[in-house]
Amino acid sequence: MRRFKPVETVDGWLFELHHYLLAGETGMKVAGAAGLAGAALVITGIIVWIPAWRSFGARVWPKTVTRRADLVSSHRNLGMITALPVLVLCLTGGAIVFNETTQKWMTTIAPGPAAPKPPKAGEGEVNWIRALAAAQAQFPDATLRMAANPAKPGAPASIRMKQPGEWHPNGRTVVWIDPVDERVLGAVDAMRLGSGLRAYNSFYPLHAGKVGGLAYEAVVLLSGLALAGLGGFGLWAFLIKQTRRRPARRTLAVQPAE
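These numbers were taken from a predicted model, which means no experiment stands behind them. (Residues numbered from 1 in each chain as written. Predicted model: local features only at pLDDT ≥ 70, side-chain atom pairs only at ≥ 80, totals over all residues. Heavy atoms only, no water.)

Moving on to helix 3 (residues 68-81). A rise of 1.5 Å per residue sets the reference length of helix 3, with its 14 residues, at 20 Å; its end C-alpha atoms lie 20 Å apart and thus fit the reference within 8%. Within the span of helix 3, buried status applies to Asp70, Leu71, Ser74, Asn77, Leu78 and Gly79. Where helix 3 is buried, its residues contact helix 4 (83-97) and helix 9 (213-239). (Helix = DSSP H or I, 4+ residues; strand = E, 2+ residues; numbered from the N terminus. Expected span 1.5 Å × (residues − 1). Buried < 20%, exposed > 50% of the residue type's maximum accessible area, 1.4 Å probe, protein only. Contact = heavy atoms within 4.5 Å.)

Here it is in C-alpha cells:
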C-alpha cells in the first residue's frame with residue numbers, strides 16, 4: 001500500500017494533495033469517490049434544472065451573499081455554463097483512480113484487442129543504448145519517453161513511447177526488452193488496442209489538460225475554479241437561514257361597554 005511521503009517541492013505537495021489527499025492509497029480512493037460523486041451531482045443538477053430552464057441567466061456572481069435566492073441562482077447558472085467540462089473532469093478523475101474497474105467496463109462496452117502481458121526475461125544489466133535503439137526500430141515514428149529497469153528478477157526492461165496520434169503525453173506504447181541481449185520480447189501498440197482501451201487512454205490527458213493546447217488548458221482552469229464556486233455557493237446557501245417575513249399582527253380596538 002502506498003503511504004504519503006513528505007515532498008520538498010510545492011508542485012509535488014500539490015500533486016500529493018490532489019491525487020492522494022496526503023493520505024496515501026486511502027486518500028486516493030476517497031478522491032476518486034469524490035470525483036464520481038461530483039459527476040453524479042452534475043447529472044442530477046441538470047435533471048433538476050430542466051423544468052426551470054427559463055430561469056437560466058448569465059450571472060454567475062450573486063448580487064448579494066446574504067440572500068439565499070441569489071446564491072441558488074448563481075449556483076444554478078454557473079453549474080449549467082460549466083456542466084460539460086466539469087462532468088468530464090469528474091468522470092475522468094474517478095475513472096483514473098478506479099482504473100481496473102474502468103478498463104473492464106470500457107472493454108465490455110467496446111471490445112477489441114487487449115494489451116498483452118509482460119513476457120518473462122533473463123537477468124542482466126541493460127545496455128540502454130542498444131535497448132533504446134531496438135525500441136526505436138520497433139516503432140520508427142514514435143518518440144522515446146520513459147525507460148525503466150526490470151521491476152523484479154525475470155521481468156523485462158520497459159520503454160514507453162508515444163506514437164503520432166496518441167493523446168497521452170508519455171504515450172501508452174510499450175516495448176519490452178530482454179536485459180541479457182537487448183532483444184525486443186514484445187510490445188504494446190497503443191494505436192492497435194480496442195476502442196474501449198483507446199478511449200480509456202484518453203482519460204488522463206483530458207483530465208490533466210494535456211491535449212487541445214492553451215484553449216483546453218484554460219477550460220480546465222476555469223472548470224476547476226467553477227467547482228470551487230459551485231461548492232461555495234451551494235454550501236453557503238444551505239447554511240444561511242432563509243429570511244421569512246412574519247405577518248403583522250392586527251390589533252383590535254376595545255369597544256367601551258355601554
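Read on for the rest.
Attention now goes to helix 4. The first and last C-alpha atoms of helix 4 sit 21 Å apart over 15 residues, in line with the 21 Å expected at 1.5 Å per residue. The secondary structure elements touched by the buried residues of helix 4 are helix 2 (24-49), helix 3, helix 5 (99-109), helix 7 (195-201), helix 8 (203-208) and helix 9.

By rolling a water-sized probe across the atoms, one finds the places where empty space is left. Size it by volume and the second largest pocket reaches roughly 230 Å³. If you go around the second largest pocket, the residues you meet are Leu36, Leu91, Thr92, Gly94, Ala95, Phe98, Thr101, Thr102, Trp105, Met106, Ile109 and Phe203. Where the lining of the second largest pocket is concerned, the elements lending two or more residues are helix 4 and helix 5. Looking at which element gives the most residues to the lining of the second largest pocket, the answer is helix 5, with five residues. Residue composition of the lining of the second largest pocket, grouped by class: eight nonpolar, four polar and no charged. (1 Å grid on protein atoms, 1.4 Å probe; cavity = no way out; pocket = protein on both sides within 12 Å on 5 of 7 lines; lining within 4 Å. Points joined across faces, edges and corners; volume = space filled by probe spheres on them. Nonpolar A, V, L, I, M, F, W, Y, C, P; charged D, E, K, R; others polar.)

We now examine the packing of aromatic side chains. Taken as a whole, this structure holds four aromatic pairs when the rule is applied. Arranged with centres 5.7 Å apart and planes meeting at 70 degrees, the rings of Tyr200 and Phe203 form a pair that is edge-to-face. Phe203 matches Tyr200 in its accessibility class, with the two residues each being buried. (Phe/Tyr/Trp six-rings, centres within 6.5 Å; stacked < 30°, edge-to-face > 60°.)

Our focus in this paragraph is the packing of helix 1 (residues 10-20) against helix 2. Relative orientation of the contacting elements helix 1 and helix 2 amounts to 60 degrees, with a least axis distance of 7 Å. Taken together, the residues of helix 2 that come into contact with helix 1 (itself represented by His18, His19 and Tyr20) are Gly24, Gly27, Met28 and Ala31. Here the residues of the contact of helix 1 with helix 2 are counted per class, giving three nonpolar, four polar and no charged. (Axes fitted to C-alpha atoms, helices over the stretch in contact; angles between N-to-C directions.)

With that settled, the discussion passes to unusual backbone geometry. You will see that Leu22, though not glycine, has its phi angle at about 60 degrees, which is positive. Take Leu22: it is sitting in the loop between helix 1 and helix 2. Judged by its relative accessible area of 29%, Leu22 is partly exposed. For Glu182, which is not a glycine, the phi torsion comes out positive at approximately 60 degrees. On the secondary structure map, Glu182 appears in the loop between strand 3 (173-177) and strand 4 (184-188). By relative accessible area, which is 7% here, Glu182 ends up buried.

Purely geometric stuff here, so don't read any function into it on its own.
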